[in-house]
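Chain by chain, the residues:
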Amino acid sequence: MSDMDHQHGNEHQHHHRGPWGHIIRGMWRSPLGLLGVTLTTVSATLMVIGIIVEVFGLTHNPYVPLLAFLVLPGGFITGLVLIPVAAYLRRRQWQRFGIAKDHLQINLSDHRHRKSLIWFIVLTVIFFSLLTVIGYFGYEFSDSAYFCGKVCHNVMDPEYTVYQRSPHAKIVCIECHIGPGAQWFVRAKISGLRQVLAVATNSYSRPIPAPVEHLRPARDTCEHCHWPEKFSGKKVKSFVHFTNDNQTEPEIVDIALHIGGHNRVTGTFEGIHWHVSKDVKVQYLATDEKRLEIAKVKVSRPDGSKDEFVKAGVEIPATVDQSEDGEKSGWRTMDCIDCHNRPTHTYDLPEERVDFGLISKKLNPEIIGIREDSLAVLTAEYNTREEAEAQMTNRLIELQTNRQGIDYVKRFDADLRKAGAYLLETYLGNVWPEMGIKWGTYGSHLGHQRAEEGWGCWRCHDEEHANAEGKTISQSCDLCHDEPQ
Ligand code: HEC
Ligand code: HEC
Ligand code: HEC
Ligand code: HEC
Ligand code: HEC
């Protein structure tokens, strides 16, 4: 700004004013200058208020930081740029009318000039401090889970909701989506801009496609906190299932999984995390964007041996690039995400939630047909979440009335309303019709419960991918499971 002042200030001969007197007056006299001054003053004032509100936590409205740290600084800077531009244009105008104006001269022995200079320095310091504080807050804020999850409210609502109930709920989005390092930071901010544009123009896909094509390799992000050397032993998990015929006695399945790790006896790395251990490389070629159908699998082992397993009869579309390397290669090196594709955006299945309702007595198992009816209302089509909210409990009561009659329903009225509330909560935690997210849209690869739909370990472990000698990728239960099985 000071250059401009030098060029256009000329009030030195009118000693009753400071050296930039005519600039200041010039500003006020042109509409552009007026706009600049107003924009700067209003933005700066609101920004200061925004900082105060944030620092003292006066509100949790996401639009306050969005405005204060991202929008208003834009207004502030635009205003500041407009002021010298207005002064410059005004000077051109003067020249056109032949009004001679001298260049700025600063005479430090003149106390008015000194005063103006001090003011100028003070304002510049305040201005840069404000921008630094704003920059810092803006940076922090644009990295927060709150920003990612809430500001694009409707779009990210599903991801944010399911994330909050996951084991990673306290980990900010960027830990997995950006990770450390400047290169990925810049990439993320650029693709962030593109996404903001897509939201603004309403041109994003629903559902947001998974797998995320340009997700940073998991080895760079997940291994920041988890690393394969740390894995060991087995993990026991319990699964509880009811059936429509037996709502009261669950079938409880305990399984133990070979998490894997370093075997001290044999000195090798084995078990489930073998795929991501040092010196092992598993690559695969999928025929579809969802990576559900896998045509070929290549392995390099620590002892240097290599193998290729091919599934007979799978047609590889011409669009899939089969070359070994290069940007467009269809070959993908297996990492954490090929099994843990849902480490935090974890959606439930309706049966799981209904069975959980029965065991936790949120659904009273005494009510005849409650399992079947609950599944029916949960998986019914609703056009919007509001529609589900309005209809779910009534639908359950209606189904029960048809089944058992009005007296029965009256007897269990309180239980049925409680059941309706539980089912609605479950629905709202998993289904977003407006975003194209229905039950099961985002499947998990961790296991084989949905193997027939193409999800999970059995994409490769299907006894159908065979090498040249006819050896297949095994589906033998004890490869992954241990006692209790
Ligand atoms: C623990 C790591 C982790 C955290 C934390 C995380 N994500 Fe993700 N996210 C992933 C992975 C992995 C995928 C890719 C899933 C796939 O490729 O199938 C993903 C996918 C997505 C997708 C694509 C849709 C989908 O469900 O696959 C969106 C959108 C998304 N994340 C947004 C967010 C937002 C917003 C936050 C913070 C509120 C967040 N993520 C936090 C790991 C994470
Ligand atoms: C910033 C650190 C951090 C990052 C990055 C991170 N995690 Fe985690 N992860 C955690 C913490 C903390 C837990 C919870 C541990 C606990 O509950 O004992 C956890 C838990 C887990 C669990 C166990 C969940 C369970 O049900 O017990 C898995 C699996 C997991 N993370 C996978 C991943 C994957 C895959 C990625 C990369 C996409 C990832 N994590 C990235 C910190 C992280
Ligand atoms: C071949 C599939 C596969 C790959 C690849 C894989 N995991 Fe796992 N991981 C599993 C399975 C299966 C489990 C146990 C199932 C469960 O917890 O539900 C597991 C469990 C875990 C756990 C919890 C361990 C415990 O003791 O509770 C963490 C943490 C984890 N994985 C992180 C990772 C990270 C980080 C990577 C990438 C370096 C990775 N995994 C790669 C399949 C895999
Ligand atoms: C992209 C293909 C692919 C997927 C998906 C996959 N695996 Fe594998 N897995 C392999 C290959 C290839 C081998 C090695 C086969 C061989 O050498 O005979 C292997 C080997 C294993 C082994 C034996 C490791 C050892 O100790 O030698 C275990 C255990 C295993 N997988 C578990 C799993 C689990 C659990 C999942 C799902 C969560 C899974 N795999 C998903 C390709 C895959
Ligand atoms: C390639 C590894 C692998 C093989 C082979 C495998 N499983 Fe599993 N299985 C898993 C994993 C991983 C899970 C855990 C899924 C989860 O955490 O949700 C699982 C879960 C299960 C469950 C509990 C699921 C539920 O909903 O009750 C049962 C039962 C089961 N397996 C049985 C078997 C049987 C029987 C075989 C042999 C035909 C077998 N598995 C082969 C990896 C494997």
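Given the structure is predicted, the values throughout are model-derived calculations rather than measurements.

Peer 1: Just checking my understanding: could you explain the overall build of the protein chain for this structure?
Peer 2: Summing up its helical and strand segments, the protein chain has 16 helices and 10 strands in all. For the protein chain, the C-alpha radius of gyration of 32 Å lies well beyond 23 Å, the compact-globule estimate for 485 residues. Considering only C-alpha atoms, the protein chain reaches an extent of 100 × 70 × 45 Å along its principal axes. Looking at the protein chain as a whole, 39% of its 485 residues are labelled buried. For the protein chain, the distance from the average position of its 52 positive side-chain charges to the average position of its 60 negative side-chain charges is 12 Å.

Peer 1: Sorry if this is basic, but what is going on with the coordination of the iron atom of ligand 3 here?
Peer 2: Metal coordination angles have textbook ideals: 109.5 degrees for a tetrahedral set of four donors and 90 or 180 degrees for an octahedral set of six. On the protein side, the iron atom of ligand 3 has His273 (NE2) and His340 (NE2) as donor atoms, found 2.0 Å from it. Relative to the metal, the six donor atoms surrounding the iron atom of ligand 3 lie at angles of 87 to 178 degrees, and the coordination shape comes out octahedral. A residue pair is termed long-range when its members are at least 10 positions apart, and His273 in the loop between β4 (269-270) and β5 (281-286) and His340 in the loop between β8 (331-333) and α11 (350-359) qualify at 67 residues.

Peer 1: Before we go on, may I ask you to explain the site of ligand 4 in this structure?
Peer 2: Every one of the 21 residues lining ligand 4 counts as a neighbour, but His275, Cys457, Cys460, His461 and Lys471 are closest to it. One of the side-chain N or O atoms of His275 is found 2.8 Å from a nitrogen atom in ligand 4. The side chain of Lys471 places a nitrogen or oxygen atom 2.4 Å from an oxygen atom of ligand 4. When the residues that make up the shell around ligand 4 are grouped by side-chain class, the tally is 13 nonpolar, four polar and four charged.

Peer 1: What's the story with the environment of His262 in this structure? I'm lost.
Peer 2: Structurally, His262 is set in strand β3 (residues 261-262). Sequence separation between His262 and Ser232 is 30 residues; the distance between their C-alpha atoms is 7.0 Å. Setting aside its immediate chain neighbours within four residues, His262 contacts Phe231, Gly267, Thr268 and Phe269.

Peer 1: For this particular structure, what's the right way to read the sheet that holds strand β10 (residues 481-482)?
Peer 2: Strands belonging to one sheet form pairs held by backbone hydrogen bonds; the direction of such a pair is parallel or antiparallel. Reading across the sheet, the three strands line up as β1-β2-β10 and stay open at both edges, with antiparallel pairing between neighbours. Strand pairing shows two members of the sheet lacking a second neighbour, β1 (234-241) and β10, which therefore form its edges. As defined by bridge partners, β1 adjoins strand β2 (residues 251-258) across eight bridges and the pair is classed as antiparallel. For Ser238, the partnering residue across the bridge sits in β2 and is Asp254.

Peer 1: What am I meant to see in the side chain of Gln283 here?
Peer 2: The topology assignment puts Gln283 in strand β5. Of the residues examined, Gln283 reaches a relative accessible area of 14% and is grouped as buried.

Peer 1: How should I be thinking about the pattern of salt bridges in this particular structure?
Peer 2: Close approach of charged atoms allows side chains with opposite charge to pair. Applying the stated rule across the entire model yields 17 salt bridges. Across the salt bridge formed by Lys278 and Asp279, the nearest N and O atoms sit 3.8 Å from each other. Residue class for Lys278 comes out exposed when judged on its relative accessible area of 63%. Look at the salt bridges and you will find they share partners, linking Lys311, Asp462 and Glu464 into a network.

Peer 1: I tried to follow helix α13 (residues 385-404) on my own but got confused; where do I start?
Peer 2: Because an α-helix packs 3.6 residues into every turn, residues spaced three or four apart end up facing the same way. Over its 20 residues, α13 extends 28 Å from the first C-alpha to the last, a length consistent with the 28 Å expected when each residue adds 1.5 Å. In the structure, α13 departs most strongly from a straight axis at Gln391, where the bend amounts to approximately 40 degrees. With its phi angle positive at about 90 degrees, Gly405 sits one or two positions after the end of α13.

Peer 1: Is there a simple way to explain the coordination of the iron atom of ligand 4 in this structure?
Peer 2: The protein atoms donating to the iron atom of ligand 4 are His275 (NE2) and His461 (NE2), with metal-donor distances spanning 2.0 Å. For the iron atom of ligand 4, the six donor atoms in the first shell make angles of 86 to 179 degrees at the metal, a pattern classed as octahedral. In this pair, His275 is assigned in the loop between β4 and β5 and His461 in the loop between α15 (413-428) and β9 (465-466), connecting sequence segments 186 residues apart. Of the two residues, His275 and His461, neither departs from the other in class, the shared state being buried.

Peer 1: Looking at this structure, I do not really get the sheet that holds β5. What am I missing?
Peer 2: What the five strands build is an open sheet, ordered β8-β5-β6-β7-β9; its pairing is antiparallel. Here the strands that pair on one side only, and so sit at the sheet edges, are β8 and β9.

Peer 1: Would you mind going over the site of ligand 5 with me for this structure?
Peer 2: Taken together, 18 residues sit near ligand 5, with Lys237, His448, Cys477, Cys480 and His481 positioned nearest. Taking Lys237, its side chain carries an N or O atom lying 2.8 Å from an oxygen atom of ligand 5. A distance of 3.1 Å is found between an oxygen atom of ligand 5 and a side-chain nitrogen or oxygen belonging to Gln449. When contributions to the shell around ligand 5 are tallied by element, the ones reaching two or more residues are β1, β2 and α16 (477-480). Across the shell around ligand 5, the residue classes break down as nine nonpolar, eight polar and one charged.

Peer 1: For this particular structure, what's the right way to read the packing of aromatic side chains?
Peer 2: The geometry of an aromatic ring pair comes down to the distance between the two centres and the angle between the two planes. Enumeration over the complete set of coordinates arrives at eight aromatic pairs. Between Tyr160 and Tyr163, the aromatic rings sit 6.0 Å apart at their centres with planes inclined by 20 degrees, giving stacked as the arrangement. One end of the pair is Tyr160 and the other is Tyr163, both in helix α7 (residues 153-164) and three residues apart, which spans about a single turn. Using a relative accessible area of 13% as the deciding quantity, one classes Tyr160 as buried. Taking the relative accessible area as the measure of exposure, Tyr163 reaches 8% and is therefore buried.

Peer 1: I tried to follow the nonpolar core on my own but got confused; where do I start?
Peer 2: Soluble globular proteins tend to pack their nonpolar side chains together in the buried interior. Residues Leu363, Met392, Leu416, Leu423 and Tyr427 are the most contacted members of the largest nonpolar core, which totals 26 residues. Put simply, the parts of the chain that give this core at least two residues each are α11, α12 (370-379), α13, α14 (406-411) and α15. In contact with Met392, not counting residues within four places along its chain, are Val377, Leu378, Tyr382, Leu423, Leu424 and Tyr427. Phe69, Phe76, Leu80 and Phe141 belong to the second largest nonpolar core, which has 12 residues in total.

Peer 1: I tried to follow the confidence of the model for the protein chain on my own but got confused; where do I start?
Peer 2: Segments scoring low in pLDDT should not have their predicted coordinates read at a detailed level. Confidence in the prediction of the protein chain, expressed as mean pLDDT, is 86, and 92% of residues score 70 or more. Across the protein chain, element-level confidence peaks in α12 with a mean pLDDT of 98 and bottoms out in helix α1 (residues 2-8) with 44.

Rules used in this analysis
Residues numbered from 1 in each chain as written. Chains lettered and ligands numbered in written order. Predicted model: local features only at pLDDT ≥ 70, side-chain atom pairs only at ≥ 80, totals over all residues. Heavy atoms only, no water. Helix = DSSP H or I, 4+ residues; strand = E, 2+ residues; numbered from the N terminus. Rg over C-alpha atoms; globule rule 2.2 N^0.38 Å. Buried < 20%, exposed > 50% of the residue type's maximum accessible area, 1.4 Å probe, protein only. Lys, Arg positive; Asp, Glu negative; His and termini not counted. Charge placed at Lys NZ, Arg CZ, Asp CG, Glu CD. Donors = N, O, S within 2.8 Å, 3.2 Å for Na, K, Ca; no water. Tetrahedral: all angles 85-135°; square planar, octahedral: opposite > 155°, others 65-115°. Near = heavy atom within 4 Å. Polar contact = N/O pair within 3.5 Å; in protein donor to acceptor, adjacent residues only side chain to side chain. Nonpolar A, V, L, I, M, F, W, Y, C, P; charged D, E, K, R; others polar. Contact = heavy atoms within 4.5 Å. Pairing = 2+ DSSP bridges. Salt bridge = Lys/Arg side-chain N within 4 Å of Asp/Glu carboxyl O. Expected span 1.5 Å × (residues − 1). Bend = angle between axes of the 7 residues up to and from the residue. Phe/Tyr/Trp six-rings, centres within 6.5 Å; stacked < 30°, edge-to-face > 60°. Core = buried A, V, L, I, M, F, W, Y, C linked by side-chain atoms within 4.5 Å. pLDDT = per-residue confidence, 0-100.

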